[in-house]
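One letter stands for each residue in the lines below.
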Amino acid sequence: MLKNIAKGIKAYFGAFGLISKLKLWKYFAIPMVISFVTAILIFTSAYGLSDNIGRFISKIWIWDWGKETFSTISNFIGWLIIIIIGLIIYKHIIMALSAPFMSPVSEKIEAHFTGNTSHTHRNTSFAQQLWRGIKVNLRNLLMELLLTIPILLLKFIPIVNIFSTILLFLVQAYYAGFGNMDYTLERHFQYKESVQFVRKHRGLAIGNGIVFILCLLVPIVGVILVLPLSVTAASTQTIEALKLKPITVSEA
């Protein structure tokens with residue numbers, strides 16, 4: 001799995017050049033706007049809610065001694081919880097709404113690498129791609145929240161909270177990579193088959209998602225460029241994992 005994680009990360013190095021070479025930037029215009037606006041809405045709301053969560057957590061401490069210290073810690077934990085949940089919701093919203101725009105990008109990348117410009121895969125409409133994106137990301141959102149909540153509770157345990165942070169990051173990365181890979185998989189597989197495929201290639205999903213999450217740590221620029229780079233990187237690796245062969249002269 002480590003090898004596939006490395007491959008998922010390495011795919012980003014050629015993403016920018018491939019986007020320019022295939023003239024794909026125009027397809028990313030609307031998704032980049034969606035990403036930017038969603039980020040502003042989610043994280044401004046999260047900022048306002050963090051204090052409320054912090055005050056709620058601080059009520060657990062019923063003693064007078066150390067109450068101020070615990071309140072400070074509670075405010076930080078409240079902020080952390082809101083940011084993490086906000087990040088989860090943010091990425092699934094933008095990946096779901098961007099599905100109809102990202103599928104053509106993935107298709108052009110597939111045609112570039114395989115040489116196959118004919119439509120030998122499933123043809124899907126704008127509405128079908130949007131519904132597929134919503135369905136996949138809603139499922140992933142629920143699964144991710146079910147895993148994230150108990151991991152967040154581990155943060156109250158000293159030492160263990162160090163490992164819980166790593167685990168939380170990997171969970172976030174996996175589901176981010178899952179969404180990016182599905183833009184290619186939706187043309188080849190039904191929903192359940194795609195889930196099985198990503199599970200089998202979870203290393204690629206994690207590798208792609210690691211850079212996706214790290215991109216979001218870069219103010220403004222990261223939010224704008226995260227989809228173009230991550231979708232392009234995921235498409236190249238998913239196409240390779242599908243073992244789609246280029247058309248030869250004799251086959252054409």
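As a reminder, the structure under discussion sits directly above these lines.
Residues numbered from 1 in each chain as written. Predicted model: local features only at pLDDT ≥ 70, side-chain atom pairs only at ≥ 80, totals over all residues. Heavy atoms only, no water.

S.K.: Which parts of the structure should I look at to understand the overall build of the chain?
M.R.: If you tally the helices and strands in the chain, you get 10 helices and 0 strands. For the chain, the residues scored as buried account for 47% of the 252 residues in total. Here the analysis covers contacts within the chain between residues at least 6 apart in sequence; of these, 83% occur between residues at least 24 apart. By element, 72% of the accessible surface of the chain is carried by carbon and sulfur atoms, the whole surface being about 13,500 Å². (Helix = DSSP H or I, 4+ residues; strand = E, 2+ residues; numbered from the N terminus. Buried < 20%, exposed > 50% of the residue type's maximum accessible area, 1.4 Å probe, protein only. Contact = heavy atoms within 4.5 Å. Areas by Shrake-Rupley, 256 points an atom, 1.4 Å probe, with all protein chains shown as cover.)

S.K.: Looking at this model, I keep getting lost on the packing of aromatic side chains. Mind explaining?
M.R.: Within a pair of aromatic rings, the relevant descriptors are the distance that separates the centres and the angle that separates the planes. For the coordinates displayed, the defined rule picks out 5 aromatic pairs. Look at phenylalanine 189 and phenylalanine 197: their rings are 5.6 Å apart centre to centre, the planes differ by 45°, and that puts the pair in the tilted class. A relative accessible area of 10% means that phenylalanine 197 is categorised as buried. One aromatic cluster is present, built from ring pairs that chain together Phe16, Trp25 and Phe28. (Phe/Tyr/Trp six-rings, centres within 6.5 Å; stacked < 30°, edge-to-face > 60°.)

S.K.: For this particular structure, what's the right way to read the environment of tyrosine 183?
M.R.: Looking at the secondary structure, you find tyrosine 183 in helix α7 (residues 160-185). The sequence separation of tyrosine 183 and arginine 132 amounts to 51 residues, and the corresponding C-alpha distance is 9.3 Å. One polar contact links the side chain of tyrosine 183 to the main-chain carbonyl oxygen of methionine 95, over a distance of 2.7 Å. (Polar contact = N/O pair within 3.5 Å; in protein donor to acceptor, adjacent residues only side chain to side chain.)

S.K.: For this particular structure, what's the right way to read the side chain of arginine 139?
M.R.: With respect to the secondary-structure elements, arginine 139 resides in helix α6 (residues 126-153). The side chain of arginine 139 is buried and forms no salt bridge, while glutamate 144, the nearest opposite charge, is found at 9.2 Å. When residues no more than four places from it in sequence are discounted, the contact partners of arginine 139 are Tyr175, Phe178, Tyr191, Val195 and Arg199. (Lys, Arg positive; Asp, Glu negative; His and termini not counted. Salt bridge = Lys/Arg side-chain N within 4 Å of Asp/Glu carboxyl O.)

S.K.: Sorry if this is basic, but what is going on with the pattern of salt bridges here?
M.R.: Side chains that differ in charge, positive against negative, can pair when their charged atoms come close. Per the counting criterion, the structure on display carries 4 salt bridges. A salt bridge links lysine 91 to glutamate 144; its shortest N-O distance comes to 2.6 Å. Separated by 53 residues along the polypeptide, lysine 91 in helix α4 (residues 67-97) and glutamate 144 in helix α6 bring together distant segments of the chain. Taking the relative accessible area as the measure of exposure, glutamate 144 reaches 0% and is therefore buried.

S.K.: Could you clarify how one ought to interpret the nonpolar core in this entry?
M.R.: Within soluble globular proteins, side chains that are nonpolar tend to cluster in buried spots. Of all hydrophobic cores here, the largest spans 33 residues; its most connected members are Phe28, Tyr90, Ile94, Val105, Phe212 and Leu216. Considering every element that reaches this core, the biggest residue donor is helix α10 (residues 221-241), with 7 residues. Sequence-distant contacts of valine 105, that is, excluding residues within four places in its chain, are made with Leu24, Tyr27, Phe28 and Val231. In this structure, Val136, Ala173, Met181 and Ala241 belong to the second largest nonpolar core, which totals 28 residues. (Core = buried A, V, L, I, M, F, W, Y, C linked by side-chain atoms within 4.5 Å.)

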